[in-house]
Amino acid sequence: MTEKSSYTIDVQVETRFVPDQSKPGDNRYVFAYTVTLRNAGEMPARLLTRRWMITDANGKVEEVTGEGVVGEQPWMRPGDDFEYTSGAVLETPVGTMGGSYQMLADDGTEFEAPIPTFTLSIPRTLH
């Protein structure tokens, strides 16, 4: 058994712009993102904490850390999925997010599940 096969959380993210909560004239752009975590490893594990790095188009970086996600610390058996939706507010119409989840496997091993960097962007309008 290799470490990767025992302790692997796949992370996929879908994003959307939320126009009814955004105010471009006030440099307020609201985005929702839905994260799907899948335990692709061989060991059950619990999500303990999260760490996000949010960067807007001006280069402003905000680090967000905390316990769990949306008030939960999900425990996932191998093959289990956990999905949640949250949001971010940027001062620019484009930005990026990425980071990691700190996980705890049932055998006591702590490991990191990377969140691949993804783009937040308002939809483009063609004239």
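Under an unreviewed UniProt entry, the name given to the protein is Protein ApaG, and the organism recorded is Rhodanobacter soli.

This next bit is on the overall build of the protein. The helix and strand tally for the protein stands at one helix and eight strands. Expressed along its principal axes, the backbone C-alpha trace of the protein runs to roughly 55 × 25 × 25 Å. For the protein, the proportion of its 127 residues judged to be buried stands at 35%. Per element, the accessible surface of the protein, about 7,400 Å² overall, is 46% carbon and sulfur.

What follows deals with the side chain of N39. Residue position: N39 is located in strand β2 (residues 29-39). Looking at N39, its side chain comes within polar contact range of the main-chain oxygen of M76, at 2.9 Å. Non-local contacts of N39, meaning those with residues more than four positions away in its chain, are made with T8, I9, P44, A45, M76, R77, P78, G79 and D80.

Glancing now at the packing of aromatic side chains. In total, this model carries seven aromatic pairs according to the counting rule given. Cluster of aromatic residues (ring-pair linked, three or more members): Y33, W52, Y101 and F118.

Cut-offs and rules
- Chains are numbered independently. Their residues run from 1 in the order of the written sequence.
- Under the rules for a predicted model, residues below a pLDDT of 70 receive no local features and side-chain atom pairs below 80 are neither given nor counted, while totals for whole chains, interfaces and linings still include all residues.
- To get the side-chain values, all heavy atoms of the structure are used, and hydrogens and water are removed first.
- What counts as a helix is a DSSP run of H or I of at least four residues, what counts as a strand is a run of E of at least two, and both are numbered from the N terminus.
- Only protein chains enter the accessibility calculation, which uses a 1.4 Å probe; a residue whose area is less than 20% of its type maximum is buried, one above 50% is exposed, and one in between is partly exposed.
- Accessible areas in this description were obtained via Shrake-Rupley with a 1.4 Å probe; residue shielding takes into account the shown protein chains only.
- Two N or O atoms form a polar contact when they lie within 3.5 Å of each other; inside protein one atom must be a possible hydrogen donor and the other a possible acceptor, and for residues adjacent in sequence the pair counts only when both atoms belong to side chains.
- Between two residues, a contact is recorded if the distance between any of their heavy atoms is within 4.5 Å.
- Side-chain rings of Phe, Tyr and Trp (the six-membered ring for Trp) are treated as a pair once their centres are within 6.5 Å; stacked means planes under 30 degrees apart, edge-to-face means over 60, and tilted covers the remaining angles.

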